[in-house]
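An overview of the molecular structure
Letter by letter, the chains look like this.
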Amino acid sequence: MKIIVREGVNENRNWTAKAKEIADYVVNELHLSFGNVEFRLVNTDELAQGRALYLAPLPTWYLGQTYIEAKEKMGARYESLYEMVGHKYKNTLENEEYTVVYLNKADTEAEIKSVIAHVYGHMHMNYNNYLCKKENGDLIKHAIYRERYSELERIISEDGKTDGKKKLEGIFDLAQTLETLIDLYPETRSEIDNTVKNYYKTTNNLPEETVYDVYKFILDNAQFNPWEKEVYSMMYDLAQLYRMMRTKIMHEGFASFVEKKYALYGEKNQVVATEMQLGVDQVANPYEKTQLPYALGIKLFESIEERGNKGRFGLRYSILSEEKKREFDDKSGKGLEKILDALRFSDDIGFISAYADDIFLKDYIDILKKRFPEDYAPKTKEEFDYMEWVSELTPRILKLELLIGREAALPSLEIPKGGARYVGPLGVGLLLEQNLSFLKRYIDSGELSKEETDNLWGHFTLLNHSTADSLNRLVKIWGRPVYIKTVDNLGLPCLIGGDGNKIKFFPIKTVATGISMFG
Amino acid sequence: MTEIKDSEEKYKKKIDEDDDLDLDTEDLLDIANGGTVVKEIPIKSNPRITYGLDNGGEGGDGSGAGKSRADILFGIDRKYILSLQDKWKLKFTKPNRFHSTQMEFLISENGLQENEEETIESMLERQLVTGEFQKKGFKVDIKEEDIRYDIVRDKPVPYKKATFVLIRDVSPSMDPLKKLADMVALHIIIRLQEEYSNNVTRCYMMHADSAIEVSEKDFFRDVFSGGTSFLDAYKTVNSMLNGTQYRSMLGYNRKIHWADEDVYVMHITDGENWDMEGTVTDEIRSMLPKITRLMYMQIGDLGSFLDEVKGLDSTKIRYTAAKPEPTNANISKALTDLLGDTE
């Protein structure tokens, strides 16, 4: 494994030595494994550019906004992004592949070292987790798309009358609405032998089977002219990065865990080590909702490590009382092994299900309760809501919230068999059904009580203005009416439909769909 | 990186089209004085299918769906304002009669010439340094290393000139519309200062029931009391064109040499005029042969003078009816109607 730190075109030998020192620790002590890394020390503006180009690869207003926002926040050191794991590139002289990571020159030594250790954690995930191996953004491809997008702008404007930029921007805006309608879990779908099916095709259903990747279906079946389809295809490809949400907690949790380990045991300079530890604590703040992946993730990895070191797994352990569990210690010392196993095969849902046991959840709830002293009077609505929430938390409820939160990270929509020719109240159109089958699992198993379930509908309904606006856009793309089957805030199935002129709401019993809410 | 620059421009354009920029008179004054004003622009996002009810149901994880709005701090400076105005142009139609001087660097192709005086001086210096002068005395013996050339010469450059007369109605009925009028005027001033400072003279006039020429600073003072008469304002313009006397706070009366320069007249008003019908349009008709363009901007629905202006039916007249809300979009549309490049 090769590690190098560059500043401009030259190597920064001082920082290369430091980065190698950190790599030695994480590889030898934590048994991490990953490929070659090239760190690039850049200024704030370059880092903001890099971040913006990663998040918004196409040269649109969205890239401009993302860049300005990143530059402003980094400049003010507010929610600063300290690093950006970038792209793989082939060093042709050495004939080796490197992952490029950008570091902010303006950071302190402790901050840069924290970032390097954090990045090694991310890289281990990228190289070893079965889902992450496929999910990295390819910035070479992004650059090609960017070039092609600009070329399309020029080509479309060639007649001198058409504003190519405006035209493409219109498609980009529509495509952004489609972005979240991809299949987050394609690996779970069974392969269908289409050759046999097509030969014996007896129906004209479109689609023949339930389609989980709504964007792909629209891309393949809507009426586009060639350049429109090209832009939609680019955006579809770029939208695949949403799948990184599946391992968000593991990624950030593990990277923070590695960073903290290095700060506690690897860094020889005590001042730097202390600053690094403070930095981790700041980022892994359990009281900030946006920091949940860091806070929960790092705590869970620490819990796995402790349990693994003390042999707190398996049947022998699971039958003990809570008191005995907390005392159990067979000194097996397999903490790191357990962590590395967990990283390889899990996504966030599996991770939480398997490792967030009652003891962990109780301890985490105690941390959450410590935000305010016992006799504290809330001063804002946010504080009041937080205290109310925490007072009602139990391990079961917290686990459910975490699991359901991950499973429902994005609304899951699918097109049922024949859904592209659905005969609806506004005419024949496209039907999208919300998939709430994950809730059914919890309801059927009794983990969710009826009262709790009734309280959830308001969270999972899709009846809101954003969905209505999205529906209008879907009609524009599809060219015919589009319907979405969802639930209302009482959990009753309903349909909303748009035909380009109006959006209408239909309670389900007035519409004969014959389709169950839970798929 | 050019893609970032282009994308920033696209974003700025979008802010303008969506009218997110809430600038007021103080902001524009700061910008006109060379400052930068920081504004909060809401983060834009395209709608997505999201969870939750509109009135407080919790959204999903975020990640582009149900994202809470935050603002971007955006710096607005003259450059930004000018980028909104890039379609506004003045035409210069009168023949070139004015010249400014530029320096031209000479090269052998365009007339590099020996400067005799400097050549002799450098020859003398060489003779003194080498001792040749002491030996032989002064003798004109120019060697190649002595030759000095004229590398710069003055070059007269013809340029076209114009006078821009900005008239605003400051009668009491304009009081609720003052902010919009101020902002329109500031947009014009910024444009003229930046793009045409060398060859366009700015001239400011206020009127209620009588008109007076004022300085740029006084142009933004409060409304006058009294009635409203457009006639005196247009008579004053004619006085400037004819070189006759008129009321001025500047201490002198100007004469606009309309035969040699273009003349633009812009009138900002709510259209409520107390003069007898036809009297003002007669005054405008006498003015039209001498000017390049009359731009009439009526704000709001109350006034009727716009119909009289339309009745004049001249290619030298442009008019617009602006909504009274002092938004960027309104101002931009109105000024594009009046100053937009129609070619």
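Structural data are supplied above this passage.
Presented here is a report on the structure given in the accompanying data block. For clarity, every value in this text was computed on a predicted model and none was experimentally measured. Numbering of residues starts from 1 in each chain and follows the order in which that chain's sequence is written. Whichever chain is written first becomes A and whichever ligand is written first becomes 1, with later ones labelled in order. Totals for whole chains, interfaces and linings use every residue, but because this is a predicted model, local features are given only for residues with pLDDT of at least 70 and side-chain atom pairs only at 80 or more, for both listing and counting. Computation of side-chain values: all heavy atoms of the structure, hydrogens and water removed.

Let us look at the interface of chain B and chain A. Residues count as neighbours in contact if any of their non-hydrogen atoms are within 4.5 Å of one another. Each side of the interface is counted separately: chain B has 32 residues, and chain A has 52 residues. As used here, buried area is the combined drop in accessible area, with a 1.4 Å probe, of two parts when they are placed together. Of all residues in chain B, R48, I49 and Y51 of chain B bury the most surface against chain A, accounting for 22% of the area lost on that side. Basic side-chain nitrogens of Lys or Arg form a salt bridge, by our definition, when they fall within 4 Å of a carboxyl oxygen of Asp or Glu. At the surface where chain B touches chain A, the tally comes to 5 salt bridges. One salt bridge connects K14 of chain B with E169 of chain A, and the closest N-O pair in it is separated by 3.9 Å. Distance and chemistry together define a polar contact, namely a pair of N or O atoms within 3.5 Å, with one atom able to donate a hydrogen and the other to accept it when in protein, and with adjacent residues in sequence counting only for side-chain atoms on both sides. Applying the counting rule to chain B against chain A returns 22 residue pairs in polar contact (both at pLDDT 80 or more). Under the DSSP-based scheme used, a helix requires at least four consecutive residues in state H or I and a strand at least two consecutive residues in state E, with every element numbered from the N terminus. Elements represented by at least two residues in the side of chain B that touches chain A include exactly α1 (2-17) and β2 (71-76) of chain B. No other element matches the 9 residues that α1 of chain B contributes to the side of chain B that touches chain A. We call Asp, Glu, Lys and Arg charged. Ala, Val, Leu, Ile, Met, Phe, Trp, Tyr, Cys and Pro are nonpolar, and the rest, Gly among them, are polar. Tallied by class, the residues present in the side of chain B that touches chain A amount to 13 nonpolar, 8 polar and 11 charged.

In this section: the nonpolar core. F39, Y120, I218 and Y232 of chain A together with F164 of chain B are the most contacted members of the largest nonpolar core, which totals 201 residues. The element contributing the most residues to this core is helix α6 (residues 178-195) of chain B, with 10 residues. Apart from the residues within four sequence positions on either side, F39 of chain A is in contact with I3, I4, V5, R6, A19, V101, L103, I116, V119 and Y120 of chain A. The set of buried Ala, Val, Leu, Ile, Met, Phe, Trp, Tyr and Cys residues whose side-chain atoms join them within 4.5 Å is what this entry labels a nonpolar core. Only protein chains enter the accessibility calculation, which uses a 1.4 Å probe; a residue is then buried when its area is under 20% of its type maximum, exposed when over 50%, and partly exposed in between. V165, Y234, Y296 and I317 of chain B belong to the second largest nonpolar core, which has 28 residues in total.

Overall, the coordinates contain 48 salt bridges over all chains when judged by the stated rule. In the salt-bridge network here, residues are joined through shared partners; they are K18, E109, K113 and E267 of chain A.

Once that is clear, we can look at the pairing of strand β11 (residues 293-299) of chain B. Here is the key point about a regular strand: its side chains alternate between the two faces of the sheet. Residues and elements named next belong to chain B. The element β11 is largely enclosed, with a buried count of 7 among its 7 residues. Think of it this way: DSSP has to see at least two bridges between two strands before they count as a pair. Note that strand β10 (residues 262-269) and β11 share 6 bridges and pair parallel. Bridging across to β11, H267 finds its partner in Y296. Crossover handedness for the path β10 to helix α8 (residues 279-287) to β11: right-handed. In this structure, β11 lies alongside strand β12 (residues 317-322), joined through 6 bridges in parallel fashion. When the sheet's bridge partners are listed, I299 is paired in β12 with A322. Orient the strands so they point away from the viewer, and a crossover whose first-strand-to-second-strand path over the helix runs clockwise is right-handed. The β-α-β motif built from β11, the intervening helix α9 (residues 305-312) and the parallel element β12 has right-handed crossover chirality.

We now examine helix α8 (residues 214-221) of chain A. Listed as buried for α8 of chain A are V214, Y215, F217, I218 and L219 of chain A. Contact partners of the buried residues in α8 of chain A: α6 (164-178), α9 (226-239), β6 (413-414), β8 (427-434) and α22 (465-478) of chain A.

Here we take up the environment of N455 of chain A. Examined against the element boundaries, N455 of chain A turns out to sit in helix α21 (residues 450-460). N455 of chain A sits 203 residues away from E252 of chain A along the chain, and the two C-alpha atoms are 30 Å apart.

What follows concerns the packing of helix α10 (residues 248-266) of chain A against helix α15 (residues 335-345) of chain A. Residues and elements named next belong to chain A. α15 packs onto α10 with a crossing angle of 150 degrees between their chain directions and a minimal axis gap of 11 Å. Considering the angle they form, α10 stands roughly antiparallel to α15. When the axes of α10 and α15 are compared, the crossing they make is left-handed. On α15, the residues touching M250, F254 and F257 of α10 are I339, A342 and L343. Here, axes are lines fitted to C-alpha atoms. For helices the fit covers the stretch in contact, and angles between N-to-C directions go from 0 to 180 degrees. Any angle that is under 35 degrees is reported as roughly parallel, and any over 145 degrees as roughly antiparallel; angles of 65 to 115 degrees are reported as roughly perpendicular and all others as oblique. Here a crossing is called left-handed whenever its near helix is offset anticlockwise from the far helix by less than a right angle, and right-handed whenever the offset is clockwise.

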